[in-house]
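A structural walkthrough
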Amino acid sequence: MEKRVIDAIIFDLDGVIVSTDEYHYKAWKRLADEEGIPFDREMNHRLRGVSRMACVNIILEKMPDIYTLAEKENMAERKNRYYIESLGNLNEQALLPGVQETLPLLKKEGYQIAIGSSSKNAGMILEKLGLDHTFHKVVDGNDITFSKPNPEVFLKAADALGVRPERCIVVEDSTAGIDAARCAGMFAVGTAEAQIYEKTQIGISSFEQIAGVCRRLNG
Ligand code: BG6
Ligand code: MG
């Protein structure tokens, strides 16, 4: 493995920290079914990491001229309503395995930790999970102009932490997020489907492995 000095870990939120990726899927599925638009889990993979409007455009890519911009905006707004409705009972049980134990450990070992998420709902979700004071910095969909695969969210997070990009690890479940991390010059760790993505530098099958990756990189 290449050697690097790692000072910070930037985590994606949906699908890395919490199982809200499934809630996103269900909200899009509800909308697509209502509109009679074909939508399945395979297409859903392409929605990971990208902004709400970018998702609408992916879902409608086979019918680009059927919906007006106002109708597309309305679809994005409706999906968000369904999504927020479904988060009503979200609590710590939705945290992905290993998260609760590993985050304090990483902080104890001296790493800065941040969230780098495309979601505009990140703040509300972190609050529901009781994680609103856990991360040193949170950069989300409200802070950026371009969503992943653009590196903006991760560069802003590194800047907010005061850490150079090459000293950051990004943990991502989406290919768009891995592309963004590599473009930012960060070390890209993939979970879930991103474990086997060609641009992923290390795939991990459990969250706890992050501490080991940091140690190995720091030699
Ligand atoms: C990302 C999700 O974290 O946030 C995407 O992976 C989602 O699927 C994006 O589209 C934007 O989320 P929100 O909550 O602002 O609609
Ligand atoms: Mg994700």
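Up top you'll find the structure we're talking about.
The present account deals with the structure reproduced in this document. The structure presented is a predicted model; accordingly, all values stated were derived computationally and were not measured. (Residues numbered from 1 in each chain as written. Chains lettered and ligands numbered in written order. Predicted model: local features only at pLDDT ≥ 70, side-chain atom pairs only at ≥ 80, totals over all residues. Heavy atoms only, no water.)

Here we take up the pattern of salt bridges. Oppositely charged side chains may form a pair once their charged atoms are brought near each other. In the structure shown here, the tally under the stated rule is 19 salt bridges. With its nearest N and O atoms 3.0 Å apart, the salt bridge here joins Glu-35 to Arg-78. Placement of the pair is Glu-35 in helix H1 (residues 20-35) and Arg-78 in helix H4 (residues 69-86), with a sequence separation of 43 residues. Relative accessible area serves as the criterion here: at 28%, Glu-35 is assigned to the partly exposed category. Under the relative-accessibility criterion, Arg-78 is labelled buried at 14%. For Glu-193, the salt bridge is made with Arg-48, and the minimal N-O distance between the two is 3.3 Å. (Salt bridge = Lys/Arg side-chain N within 4 Å of Asp/Glu carboxyl O. Helix = DSSP H or I, 4+ residues; strand = E, 2+ residues; numbered from the N terminus. Buried < 20%, exposed > 50% of the residue type's maximum accessible area, 1.4 Å probe, protein only.)

Burial along strand E5 (residues 187-190) is two-sided: Phe-187 and Val-189 facing one way and Ala-188 and Gly-190 facing the other are all buried. Pairing analysis gives four bridges linking strand E4 (residues 168-172) to E5, with the strands arranged parallel. Within E5, the position partnered with Val-170 by the bridge is Ala-188. Note that the unit made of E4, helix H8 (residues 175-183) and E5 has a crossover that is right-handed. Where E5 and strand E6 (residues 202-203) come together, two bridges link them in parallel fashion. Note on E6: the bridge partner recorded for Val-189 is Ile-202. (Pairing = 2+ DSSP bridges. Right-handed = clockwise from strand over helix to strand, strands pointing away.)

Our next topic: the site of ligand 1. Of all residues adjacent to ligand 1, which total 16 residues, the nearest are Asp-14, Arg-52, Ser-119, Lys-120 and Asn-121. The contact in question runs from an oxygen atom of ligand 1 to an N or O atom on the backbone of Gly-49, over 2.8 Å. In this structure, Asn-121 approaches ligand 1 through a side-chain N or O atom, which is 2.7 Å from an oxygen atom. Look at ligand 1: alone it shows 400 Å² of surface, and the protein chains cover 96% of it. (Near = heavy atom within 4 Å. Polar contact = N/O pair within 3.5 Å; in protein donor to acceptor, adjacent residues only side chain to side chain. Areas by Shrake-Rupley, 256 points an atom, 1.4 Å probe, with all protein chains shown as cover.)

On to the nonpolar core. By size, the foremost hydrophobic cluster in this structure holds 57 residues, and its most contacted members are Ile-9, Phe-11, Ile-17, Phe-135, Ile-169 and Ile-210. Viewed by domain, this core spans two of them, domain 1 (8-19 + 92-218) and domain 2 (21-89), each represented by three or more residues. Those residues in contact with Ile-210 that lie beyond four places of it in its chain are Ile-9, Phe-11, Leu-106, Val-171 and Ile-204. Of all hydrophobic cores here, the second largest spans 21 residues; its members include Leu-161, Val-163, Val-170 and Tyr-197. (Core = buried A, V, L, I, M, F, W, Y, C linked by side-chain atoms within 4.5 Å. Domains from an automatic or database assignment. Contact = heavy atoms within 4.5 Å.)

Let us look at the state of the cysteines. Applying the stated criterion across every chain yields a total of zero disulfides. Of the cysteine sulfurs around Cys-183, a residue in no disulfide, the closest is that of Cys-168, at 14 Å. Free cysteine Cys-214: the closest other cysteine sulfur is in Cys-168, separated by 11 Å. (Disulfide = S-S within 2.5 Å.)

Taken together, the protein ligands of the magnesium ion (ligand 2) are Asp-12 (OD), Asp-14 (O) and Asp-173 (OD), with distances of 2.0 to 2.2 Å. In terms of primary sequence, the donors binding the magnesium ion (ligand 2) are separated according to D-x1-D-x158-D. A relative accessible area of 4% means that Asp-12 is categorised as buried. (Donors = N, O, S within 2.8 Å, 3.2 Å for Na, K, Ca; no water.)

This paragraph deals with the packing of aromatic side chains. As enumerated under the stated definition, the model contains three aromatic pairs in all. Seen from their ring centres, Phe-11 and Phe-135 are 6.2 Å apart, and the 65° between their planes marks the pair as edge-to-face. Pair noted here: Phe-11 is in strand E1 (residues 8-11) and Phe-135 is in the loop between helix H6 (122-128) and strand E3 (137-139), with a separation of 124 residues, a long-range link. Among the residues examined, Phe-11 registers a relative accessible area of 0% and is labelled buried. An angle of 20° between the planes, with centres 5.5 Å apart, marks the rings of Phe-11 and Phe-207 as stacked. You can see Phe-11 sitting in strand E1 and its partner Phe-207 sitting in the loop between E6 and helix H9 (209-217), a full 196 residues away along the chain. Both residues of the pair, Phe-11 and Phe-207, belong to the buried class. In this structure an aromatic cluster arises from ring pairing among Phe-11, Phe-135 and Phe-207. (Phe/Tyr/Trp six-rings, centres within 6.5 Å; stacked < 30°, edge-to-face > 60°.)

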